[in-house]
Amino acid sequence: MRIHNTLTGHVEEFKPQREGQVAMYNCGPTVYKRQHIGNYRAFLMADLLRRALTYLGYEVTQIMNITDVGHLTEDDVADAQGEDKLQKEAARRNVDPWEIAREQERYFMEDLAVLRVPPAHGYPRATDHVAEMIEMIGQLIEKGHAYEVDGNVYFSIDSFPAYGRLSGNTMDKLNAGAGGRVEERTDKKSPHDFALWKRDEKHLMQWDSPWGKGYPGWHIECSAMAKKYLGETLDIHTGGPDNKFPHHECEIAQTESITGRPFVRYWVHCGWLEIGGGKMSKSKGELYTIPELTEMGYEGADIRLFLLRSHYRAPLPFDLELLDEAKTVRARLDNFVYHEMTERPDGTANPDLPKLLADTRRRFKEALEDDLNTSAALAALFELMHAVNKAQPGREDAERVVALVREFDEVFDVLSPPPQQDLDAEIQSLIEERDTARAERNFARADEIRDELAARGIELIDTDGGTRWKKS
Ligand SMILES: [Zn+2]
């Protein structure tokens, strides 16, 4: 497996610390607002990485944090400014921030289910790990990497010469004006020193600390949770393009100042999702959420395929036409598996098929191993479909081909469920509704259901053991 490492700027051979095992941390959502499709690009990349590594034989432990405090509105400058996003939303809606955090976390999990993302091995919340953060902040002060001013604690960038290695925003460049606007305040040693602990007695989510009441900075959250669940050195840390600076830069500085060891072996970042020629960030208005897209008739798997079929690092333009295109591609795949390759006649085995299947599997694997080249992996799949369709396989050959398609779908997960199962479930639920209607002596409704099913060629048979059905 070869993967692009943001830290070196190169595609590198992937070697985890322990052979065959991967410790992966993904920056998760800030749960103040429903996540939009731009956010989900990063989460689906994490899912793809996990599935691809698993397919290639690795055992992956995946942790994704939930940021439910401390993420400020102006998060693109070296030391974030503005208001806590949760607190601001709480004031706007006049709701308790804890309620917003739990509500949005629930929505996030719902969206992940729609997008067919299997759960990570843990979703630690920042608010459940403030003790660990306070401990790390204390260690940073002790080691001379952080200092307190009037209840606020700052990380001293001067104490960590490697600052800027990930993003290119080194101290020199920051001093020359990179990293955005700096605040006027003078209580810090350097204007780029960033907050580890914010003093705030009025904050709606606040904790006691050795420096007084307040709340943690966003960056220390990920350092603390990554260390707790995955250890001092992670194999992979992922995030969106907006996480690179300052968030990930600061995570490195904090963790490595304490452990003296490399924090992350491979930093993996996806590209921007672009809308109207610009990056799709939350400050713009045109952001679709997953429920908005499903209401428009797109399935989670359509959105999945749209996000996964181009290379994860390339900028991805968003428009509905591209989503429609993904839908069409999925329909072709469904049609192949559920129509063209089913009910095939018995036939003689094609002697060329085993080689075609083996070659396709090799191409698919090699594409994934090449920095997750999903378009090449899908090309291998579609060329197989084309070749097989031309050859008109017999039943057993068709089954072999479908088995391989399903194997590939463990990585992409975009095939629809078998249509028959859908039908079965629907019929079953109508039968149950009819049973209830009959029990309530609502015979009109019961007959209506029987007629409706009859019109679709389904005959009901009432037996002592319940109602059964058959195709008439
Ligand atoms: Zn993070």
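Given the structure is predicted, the values throughout are model-derived calculations rather than measurements.

What counts and what doesn't
Residues numbered from 1 in each chain as written. Predicted model: local features only at pLDDT ≥ 70, side-chain atom pairs only at ≥ 80, totals over all residues. Heavy atoms only, no water. Helix = DSSP H or I, 4+ residues; strand = E, 2+ residues; numbered from the N terminus. Axes fitted to C-alpha atoms, helices over the stretch in contact; angles between N-to-C directions. Parallel < 35°, antiparallel > 145°, perpendicular 65-115°, else oblique. Contact = heavy atoms within 4.5 Å. Nonpolar A, V, L, I, M, F, W, Y, C, P; charged D, E, K, R; others polar. Pairing = 2+ DSSP bridges. Donors = N, O, S within 2.8 Å, 3.2 Å for Na, K, Ca; no water. Buried < 20%, exposed > 50% of the residue type's maximum accessible area, 1.4 Å probe, protein only.

Peer 1: I tried to follow unusual backbone geometry on my own but got confused; where do I start?
Peer 2: Leave glycine aside and you will find that most residues have negative phi; peptide bonds, for their part, are mostly trans. Omega for the peptide link from F245 to P246 comes to 0°, which places this bond in the cis form. Within the secondary structure, P246 sits in helix α7 (residues 244–259). Unusually for a residue other than glycine, Q392 sits at a positive phi of about 50°.

Peer 1: Would you mind going over the packing of helix α9 (residues 300–308) against helix α10 (residues 320–340) with me for this structure?
Peer 2: Helix-helix packing: each pair is described by the crossing angle between the helix axes and the interaxial distance. The interhelical angle for the contact between α9 and α10, taken along N-to-C directions, is 105°, at an axis separation of 8 Å. Taken as axis vectors, α9 and α10 run roughly perpendicular relative to one another. For the pair α9 and α10, the contacting residues are A301, D302, I303, L305 and F306 in the first and L322, L323, A326, K327, V329 and R330 in the second. Split by residue class, the contact of α9 with α10 holds 8 nonpolar, no polar and 3 charged.

Peer 1: What am I meant to see in the environment of S375 here?
Peer 2: You can see S375 is positioned in helix α12 (residues 374–391). Sequence separation between S375 and R309 is 66 residues, and the spatial gap between their C-alpha atoms is 5.4 Å.

Peer 1: Help me understand the sheet that holds strand β10 (residues 214–216) in this model?
Peer 2: Strands pair in a sheet through their backbones, by hydrogen bonds, and they do so in one of two ways: parallel or antiparallel. Ordered by their spatial adjacency, 4 strands build an open sheet running β7-β8-β9-β10, and the pairing between neighbours is antiparallel. Of all strands in the sheet, those with a lone pairing partner are β7 (146–149) and β10, marking the two edges. For this sheet the average axis-to-axis angle between neighbouring strands, irrespective of direction, equals 20°.

Peer 1: Where do I start with the coordination of the zinc ion in this structure?
Peer 2: For a metal with four tetrahedral donors the ideal donor-metal-donor angle is 109.5 degrees, whereas six octahedral donors ideally subtend 90 or 180 degrees. Protein coordination at the zinc ion comes from C27 (SG), C222 (SG) and H247 (NE2), with a distance range of 2.0 to 2.2 Å. Read in sequence order, the donor residues coordinating the zinc ion give the pattern C-x194-C-x24-H. Here C222 lies in helix α6 (residues 218–230) and C27 lies in the loop between β3 (21–26) and α1 (37–55), a separation of 195 residues in the sequence. The exposure class assigned to C27 is buried, which follows from its relative accessible area of 6%.

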